[in-house]
Amino acid sequence: MDVKSGYPEGGIPTQPQTQPMEMPAAQQLPYSHYPQQQSYPPQQQSYLPQQQVVTTQPAVPLHTTVIVSNSSDAADRAIMLSIMNLIFCFPLFGAIALIFAILAKSDFNNGRVQEGLNMVRIANIINIVGVILVTLVIIIVIAVLVSA
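Numbering of residues starts from 1 in every chain and runs along the sequence as written. Where local features are concerned, this predicted model is filtered to residues with pLDDT of at least 70; where side-chain atom pairs are given and counted, the filter is 80 or more; whole-chain, interface and lining totals use all residues. Just so you know, side-chain values use all the structure's heavy atoms and leave hydrogens and water out.

Helix and strand counts for the protein come out as three helices and zero strands. Each helix (α) and strand (β) of the protein, taken in turn from the N terminus, gives the series α-α-α. Accessible area is worked out with a 1.4 Å probe on protein chains only. A residue is then buried under 20% of its type maximum, exposed over 50%, and partly exposed in between. Scored against the burial criterion, the 148 residues of the protein give a buried share of 15%. Taking as baseline every contact in the protein between residues at least 6 positions apart, the subset at least 24 positions apart corresponds to 52%. Per the convention used, a helix needs a DSSP run of H or I reaching at least four residues, while a strand needs a run of E reaching at least two, with both numbered from the N terminus. Throughout, a contact is declared for two residues whenever any of their heavy atoms are within 4.5 Å.

Structure representation (structure tokens):
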């Protein structure tokens, strides 16, 4: 055996060499030497009827859950879109949409949710019109410059 590599002389073996593992004679015991296991005691048969517990839920709910929608977030998003429209797109449409978005935020703060939703809808429509107009203007300017 080569001391450096730990392999037998001649290199790495191609087939693993296995030897069967045998237990010493002292550890090999026949089955009769194992201790006897105790069995479970026999169960007695019950002649009494078994009781079954049935639970039911009440038909009427015990409490009512109210889900409150935070519509004020819609106004905040409309304000942000209006500011972006004011700075980057069409300032006139951005300013008008910003006014409607601020009015919507005020309506939400005062508890007038339906009026606030209407104002948000108007602000979003004005913002979309402003973005579309700027996009059309840019496309027309590019077309005129390319054709000239």
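So much for the structure itself; the text now carries on.
On to helix 2 (residues 91-109), then. Expected helix span is taken as 1.5 Å per residue step, with the number of steps being one fewer than the number of residues. Between its terminal C-alpha atoms helix 2 stretches 27 Å, which fits the 27 Å expected from 19 residues at 1.5 Å a residue. Along helix 2, the residues that are buried comprise Gly 94, Ala 97, Leu 98, Ala 101, Ala 104, Asp 107 and Phe 108. Looking one or two residues beyond helix 2, the residue adopting positive phi is Gly 111, at roughly 90°.

In these notes, a set of buried Ala, Val, Leu, Ile, Met, Phe, Trp, Tyr and Cys residues joined through side-chain atoms within 4.5 Å is what counts as a nonpolar core. Counting residues in hydrophobic clusters, the biggest one holds ten residues: Ala 74, Ala 75, Ala 78, Ile 79, Leu 98, Ala 101, Ala 104, Phe 108, Val 120 and Ala 123. If you list the elements that add at least two residues to this core, you get helix 1 (72-88), helix 2 and helix 3 (113-147).

Per-chain confidence: the protein averages 76 in pLDDT, with 52% of residues scoring 70 or above. Known as pLDDT, the predictor's per-residue confidence is scaled from 0 to 100. The lowest-confidence element of the protein is helix 1, averaging 87 in pLDDT; the highest-confidence one is helix 3, averaging 92.

To continue, consider the side chain of Asn 127. Structurally, the position occupied by Asn 127 is in helix 3. With near-sequence residues (within four places) excluded, Asn 127 lies in contact with Ala 78, Leu 81, Ser 82, Asn 85 and Ala 97.

It is worth spelling out the packing of aromatic side chains at this point. Between rings of Phe, Tyr and Trp, where Trp is taken as its six-membered ring, a pair exists when centres lie within 6.5 Å; planes separated by under 30 degrees are stacked, by over 60 edge-to-face, and by other angles tilted. Counted according to the given criterion, the structure contains one aromatic pair. Each ring, one from Phe 90 and one from Phe 93, has its centre 4.9 Å from the other, and the planes form 70°; the classification is edge-to-face.

For Ala 74, the location among the structural elements is in helix 1. Taking relative accessible area as the criterion, Ala 74 reaches 18% and is therefore assigned buried. Each C-alpha atom, one on Ala 74 and one on Asn 124, is 9.9 Å from the other, the two residues being 50 residues apart in sequence.

Turning our attention to the packing of helix 2 against helix 3. Closest axis-to-axis distance for the helix 2/helix 3 pair is 8 Å, and the angle between their directions is 165°. Here helix 2 lies roughly antiparallel to helix 3, going by the angle between them. Helix-helix and strand crossings are classified by hand; for helix 2 and helix 3 the assignment is left-handed. Ten residue types, Ala, Val, Leu, Ile, Met, Phe, Trp, Tyr, Cys and Pro, are classed as nonpolar, four, Asp, Glu, Lys and Arg, as charged, and the remainder, Gly among them, as polar. Across the contact of helix 2 with helix 3, the residue classes break down as 17 nonpolar, three polar and two charged. Axis definition: a line fit to C-alpha positions, over the contact stretch in the case of helices; interaxial angles, taken between N-to-C directions, run 0 to 180 degrees. Should an angle fall under 35 degrees it is taken as roughly parallel, and over 145 as roughly antiparallel, whereas 65 to 115 is taken as roughly perpendicular and any remaining angle as oblique. Note: crossing handedness is left-handed where the near helix turns anticlockwise from the far helix by less than a right angle, and right-handed where it turns clockwise.

On to the environment of Ser 147, then. Tracing the backbone through its elements, the reader meets Ser 147 in helix 3. Taking relative accessible area as the criterion, Ser 147 reaches 63% and is therefore assigned exposed. Among the polar contacts made by the side chain of Ser 147, one reaches the main-chain carbonyl oxygen of Val 144 at a distance of 3.1 Å. Pairing of N or O atoms within 3.5 Å defines a polar contact, subject to two protein rules: one partner must be a possible hydrogen donor and the other a possible acceptor, and residues neighboring in sequence count only if both atoms are side-chain atoms.

With that out of the way, let us pick up the pattern of salt bridges. For salt bridges, the criterion is a side-chain nitrogen of Lys or Arg within 4 Å of an Asp or Glu carboxyl oxygen. Under the counting rule described, the total for this entry stands at two salt bridges. In this structure, the salt-bridge partner of Asp 76 is Lys 105, at a minimum N-O distance of 2.8 Å. Here Lys 105 lies in helix 2 and Asp 76 lies in helix 1, a separation of 29 residues in the sequence. Of the residues examined, Asp 76 reaches a relative accessible area of 30% and is grouped as partly exposed. Notably, a salt bridge pairs Arg 112 with Asp 107, separated by 2.7 Å at the nearest N-O pair. Note on Asp 107: relative accessible area 8%, which makes it buried.

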